[in-house]
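Coordinate inspection notes
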Amino acid sequence: MRKALVAGNWKMHGRITQNINLIDDLVKQLSPIKESVSVLVCPPLVYLNQVSGLLAEAGIEVGAQDVSRFEKDGAHTGDCSAEMLADIGVSYALVGHSERRSEHQDTDAVIALKLKNLLQVGIKPILCIGESLEQREEGTFEKVIADQISNAFSGLSVEELSNVILAYEPIWAIGTGKTASPDQAQAVHAYIRQMLASDYGSEFSEKVTILYGGSVKAANADQLFSQPDIDGGLIGGAALVSEEFTAICRAAATSPKNG
Ligand code: PEP
């Protein structure tokens, strides 16, 4: 059985005092359910150390929102390597978020390098994939998603890929308030699992965690997370409001799939 995971992507939000208050609330509110759901928060890079410190022993993990495509150290101004993230105890990192793809020209080739760098240092990459509204409407979205996955995975063995998590995030649903319906999301998750089974084997496809992201809120989380192939969520806006994020984590923890 795949354990539910809920990851909060804070994007470019937070300040020292705001972070203390949010983490304080989350630690209290999540404490009764933390055995049934894995929870992760991804603050901006500059606050990773602060948030790691605040979360020490709280049973909530810390993730980065991105990583450098370059390995280790070097003349790469503004970059932060996977080794540096591992050095401060980061356990997960987003890679290929649609905002990085569109605002920072993260191509599939760049994303493949980032994924490899993270895996080499033992950080679990959360590979974000998803189609635009235009690609959904013209019916090419399955191919778009399959290509994003196989390009990012290129050159890596099934063993090397065993720590990868996927997050299906239709671009038209991110920050727009428009969520994919549970049926629409489940159909894509099932398609991804089927594509992974045929390219990487059924053992890998059954084990891999696939999150849904795109305007998830307390009001729609139950229905989304009860779908058989949706293992949790990648949450943007709602991750900044402790009651909302906790309710989403609770929906994942109490999903009938969790037994
Ligand atoms: C995201 O940033 O990954 C995301 C899903 O954002 P939101 O929940 O705000 O749509």
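Everything in this summary refers to the structure shown in the same document. (Residues numbered from 1 in each chain as written. Predicted model: local features only at pLDDT ≥ 70, side-chain atom pairs only at ≥ 80, totals over all residues. Heavy atoms only, no water.)

Considerations on empty space enclosed by the protein
Here the structure, examined in full by the defined rule, presents one cavity of 30 Å³ or more. Quantified by volume, the largest cavity comes out at close to 40 Å³. Gly96, His97, Ser98, Arg101, Cys128, Ile129, Gly130, Gln148, Glu169 and Ile171 are the residues that line the largest cavity. Broken down by class, the residue content of the lining of the largest cavity amounts to three nonpolar, five polar and two charged. (1 Å grid on protein atoms, 1.4 Å probe; cavity = no way out; pocket = protein on both sides within 12 Å on 5 of 7 lines; lining within 4 Å. Points joined across faces, edges and corners; volume = space filled by probe spheres on them. Nonpolar A, V, L, I, M, F, W, Y, C, P; charged D, E, K, R; others polar.)

Here we look at the environment of leucine 133
Relative to the elements of secondary structure, leucine 133 occurs in helix H6 (residues 133-137). Sequence spacing of leucine 133 and leucine 5 is 128 residues, and the spatial spacing of their C-alpha atoms is 26 Å. (Helix = DSSP H or I, 4+ residues; strand = E, 2+ residues; numbered from the N terminus.)

Describing unusual backbone geometry
Peptide bonds are, in most cases, trans, and in most cases residues other than glycine have a negative phi. For lysine 72, which is not glycine, the phi dihedral falls at a positive 50°. Structurally, lysine 72 is set in the loop between strand E3 (61-64) and helix H3 (82-87).

Let's talk about the environment of isoleucine 88
Structurally, isoleucine 88 is set in the loop between H3 and strand E4 (92-95). Considered as a pair, isoleucine 88 and leucine 48 are 40 residues apart in the sequence and their alpha carbons are 8.3 Å apart. Leaving out residues up to four positions away in the same chain, isoleucine 88 has contacts with Leu48, Asn49 and Ser52. (Contact = heavy atoms within 4.5 Å.)

Things to note about the packing of helix H1 (residues 16-30) against helix H11 (residues 242-253)
Where H1 contacts H11, the two axes come as close as 10 Å, and the packing angle between them is 35°. Along this stretch, H1 crosses H11, giving a crossing that reads as right-handed. Only Ser242, Glu243, Phe245, Thr246 and Cys249 of H11 make contact with H1, whose side of the interface consists of Leu22, Asp25, Leu26, Gln29 and Leu30. Residues belonging to the contact of H1 with H11 are distributed by class as follows: five nonpolar, three polar and two charged. (Axes fitted to C-alpha atoms, helices over the stretch in contact; angles between N-to-C directions. Left-handed = near helix turned anticlockwise from the far one by under 90°.)

A word on the layout of surface pockets
As a volume, the largest pocket reaches approximately 520 Å³. Forming the boundary of the largest pocket are 22 residues, of which Leu45, Gln65, Asp66, Arg100 and His104 lie nearest the centre. Sorting elements by how many residues they give to the lining of the largest pocket places helix H4 (residues 98-103) first, with three residues. For the lining of the largest pocket, the residue count by class is 10 nonpolar, six polar and six charged. Taken as a whole, the second largest pocket spans an internal volume of roughly 380 Å³.

What to know about the pattern of salt bridges
It is possible for side chains bearing opposite charge to pair when their charged atoms get close. Under the defined criterion, the tally for this structure stands at 13 salt bridges. A salt bridge links lysine 114 to aspartate 106; the nearest nitrogen and oxygen atoms lie 2.8 Å apart. Each member of the pair, lysine 114 together with aspartate 106, is buried. The partner of glutamate 203 in a salt bridge is lysine 207, with the nearest N and O atoms 3.3 Å apart. Note that glutamate 203 and lysine 207 are positioned in helix H9 (residues 202-207) at a spacing of four residues, about one turn of the helix. A cluster of three or more residues bridged by salt bridges with shared partners is formed by Arg2, Arg193, Glu206, Asp229 and Asp231. (Salt bridge = Lys/Arg side-chain N within 4 Å of Asp/Glu carboxyl O. Buried < 20%, exposed > 50% of the residue type's maximum accessible area, 1.4 Å probe, protein only.)

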